[in-house]
Structure formats: C-alpha cells, structure tokens
Amino acid sequence: MRTGRYHHGDLRAALLERAEQTLREQGVDALSLRELARALDVSHAAPSRHFKDKRALLDALALTGIQRMTAAGRSRLARSGEGFRDRMFAFARSYVDFAAAHPALLELTFARKHDVAVADELRLAWGPLEEDIHAVIAQGQREGELRAGSADRIFNVLYTAVHGVAAQAASGQLSGPALDQVFDDLLTHLLRGLRPAAGDEPLAGPAAPTC
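Residues numbered from 1 in each chain as written. Predicted model: local features only at pLDDT ≥ 70, side-chain atom pairs only at ≥ 80, totals over all residues. Heavy atoms only, no water.

Participant: So what's going on with the overall build of the protein? Residues and values would help.
Facilitator: Assigned secondary structure in the protein consists of nine helices and zero strands. Listed N to C, the secondary structure of the protein is α-α-α-α-α-α-α-α-α in terms of helices and strands. Residues counted as buried form 39% of the 211 residues belonging to the protein. Working note: accessible area of the protein is about 11300 Å², and carbon and sulfur atoms make up 52% of it. (Helix = DSSP H or I, 4+ residues; strand = E, 2+ residues; numbered from the N terminus. Buried < 20%, exposed > 50% of the residue type's maximum accessible area, 1.4 Å probe, protein only. Areas by Shrake-Rupley, 256 points an atom, 1.4 Å probe, with all protein chains shown as cover.)

Participant: Outline helix α7 (residues 127–142), listing residues and values.
Facilitator: With 16 residues, α7 ought to run about 22 Å at 1.5 Å a step, and its terminal C-alpha atoms sit 22 Å apart, in line with that. Residues L129, D132, I133, V136, I137, Q139 and G140 constitute the buried set of α7. Along the axis of α7, the buried residues cluster in a sector spanning 155 degrees; they form a single face. In α7, those exposed residues whose orientation departs by more than 90 degrees from the buried face are E131 and R142. (Expected span 1.5 Å × (residues − 1). Arc of directions from axis to C-beta.)

Participant: Outline the environment of E35, supporting the account with residue identities and numerical values.
Facilitator: Looking at the element boundaries, E35 is found in helix α2 (residues 33–40). Classification of E35 as partly exposed rests on a relative accessible area of 40%.

Participant: I'd like a description of the side chain of D59, backed by residues and values.
Facilitator: Mapped onto the elements of the fold, D59 is located in helix α3 (residues 54–79). Owing to a relative accessible area of 13%, D59 belongs among the buried residues under this scheme. In contact with D59, other than residues within four places in its own chain, are R112, A119 and L122. (Contact = heavy atoms within 4.5 Å.)

Participant: An account of α2 is needed here, citing residue identities and associated values.
Facilitator: Looking at α2, one finds that the buried residues are L33, L36, A37 and L40. Within α2, the buried residues cover an arc of 100 degrees as seen down the axis, which keeps them to one side. Following α2 by one or two positions, D41 adopts a phi angle in the positive range, close to 60 degrees.

Participant: Any details on the side chain of R93? Residues and values, ideally.
Facilitator: Residue placement: R93 occurs in helix α4 (residues 84–101). Of note is the side chain of R93, whose polar atom sits 2.9 Å from the side chain of D180. If we ignore the near neighbours within four places in the chain, the residues touching R93 are R76, L179, D180 and F183. (Polar contact = N/O pair within 3.5 Å; in protein donor to acceptor, adjacent residues only side chain to side chain.)

Participant: Quick one: what's the story with the packing of α4 against helix α9 (residues 176–193), residue by residue and with numbers?
Facilitator: Packed helices, taken two at a time, are described by the angle between their axes plus the distance between the axes. Two numbers describe how α4 lies on α9: the axes approach to 11 Å, and their chain directions differ by 135 degrees. Overall, the two elements α4 and α9 adopt an arrangement that is oblique. In this structure, α4 meets α9 at a crossing whose hand is right-handed. Across the interface between the two elements, F84, R85, M88, F89, A92, R93 and V96 from α4 touch L179, D180, F183, D184, L187, T188 and L191 from α9. (Axes fitted to C-alpha atoms, helices over the stretch in contact; angles between N-to-C directions. Parallel < 35°, antiparallel > 145°, perpendicular 65-115°, else oblique. Left-handed = near helix turned anticlockwise from the far one by under 90°.)

Participant: Lay out the pattern of salt bridges in plain terms, naming residues and giving numbers.
Facilitator: Close approach of charged atoms allows side chains of opposite charge to pair. Per the stated rule, a full pass over the model turns up twelve salt bridges. A salt bridge links E20 to R68, with the shortest nitrogen-to-oxygen separation between them at 2.8 Å. With E20 in helix α1 (residues 8–26) and R68 in helix α3, the pair connects residues that are 48 residues apart, well separated along the chain. For the salt bridge of R195 with E145, the shortest nitrogen-to-oxygen distance reads 3.1 Å. Placement of R195 in the segment after α9 and of E145 in the loop between α7 and α8 (151–171) is noted, with a sequence separation of 50 residues between them. We classify R195 as partly exposed; its relative accessible area is 41%. Overlapping salt bridges bring together R55, D59, R112 and D115 as one network. (Salt bridge = Lys/Arg side-chain N within 4 Å of Asp/Glu carboxyl O.)

Pasting the structure below:
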C-alpha cells in the first residue's frame, strides 16, 4: 500500500503541476487521473479527493491559466508608462508572451470557456481580465486616442488582431525579432486606425464577443 507523501493542499498543487507538464508535453488526451496518481506515486483514489473526474481537472487547469494570464497582464501594466499607448502595448504584449510560453494551456483555457457545460467559477474567472482591458480602452477614449462609443466593439477588433499574433507565437511561426516587429507594426496600425477622425460617429454597440 502506498503511503501518503503529500498534505491535502500539497497533493492538489502537485497534481496540477504534473497535469500541466503532461498537457505541455503530450497533449490533453494523455491526461488521466490514474496516470497522474502513478506519476506521483500515490494511490489511484487519491486524485479523486481533489478532482472528481477529468473534466474537473481540466477546469482547474484552465482556471490557473486564466489567473496567471490576468496576473501577467497586471504585472506588465504596473511596470508600464501611465499613458494609454504604453499601457495598451504592455497589456497586449503580456497576452502574446503568455501564448508563446504556454501554448497548450492557452488552448485549453479557450476550449473550456466555450464548453456549454463550463462551470460558473471558470466562466466568471475571465471577468477580471476583461475588466482590465476595458479599463485601458476607456482610458484611451478619455484621452482622445480611441473613438467614442462601444468599448466592446473596440475590444473585439483589438482582441481578434492580437490573438492572431498570439496564435502564431504559440505555434512557433513567429518568435524573436520577427515577433517583435509584427507585434509593434500591428498594434501601431490598429491604434492609428481606431483614433477619432473628423466626422466619425460614435461606435454603436454592444457587439457580440469574439473570444
């Protein structure tokens, strides 16, 4: 009989750490509670005290991904300049860098988000991240750097474009100086196109979310 080597909270953290490693190296199909128990040398029943099934494990992994993505964005914002352009570049780049560093985890977070059976805790976890980017958009509108009107529509445009760069970074198609150049060009042209111009009408909204 295997003896317990983990305290209650430690085992949960160890399971998530090992699960993320498996996700990164072998993909989501390789994840199972039984294999995690074997890898950590605990009883087959031990993981079920923390995750009732694989879906619960995936939800917990996705939740950590969202929380870490949010923390990364806030850390970049705290170190950026105070102006809108600096803050938007910092926040967007934090997302691209997270995608490049954790491609499998990012993919899982979105897969779980769009699952019709997603848990409320996971669905609500996106709130702080979305509030942060909307606050940056609102700053841009106050400072006259973005068109007035629906912040949701501006968010959708920015997200769709930046996510395209993030996807290429996650797949390894873009990296290093090439990634820096594409990212800087994209955001520069996007923000230039979203600036107010004479005769512009405020953007009507809201628009359907794209993420």
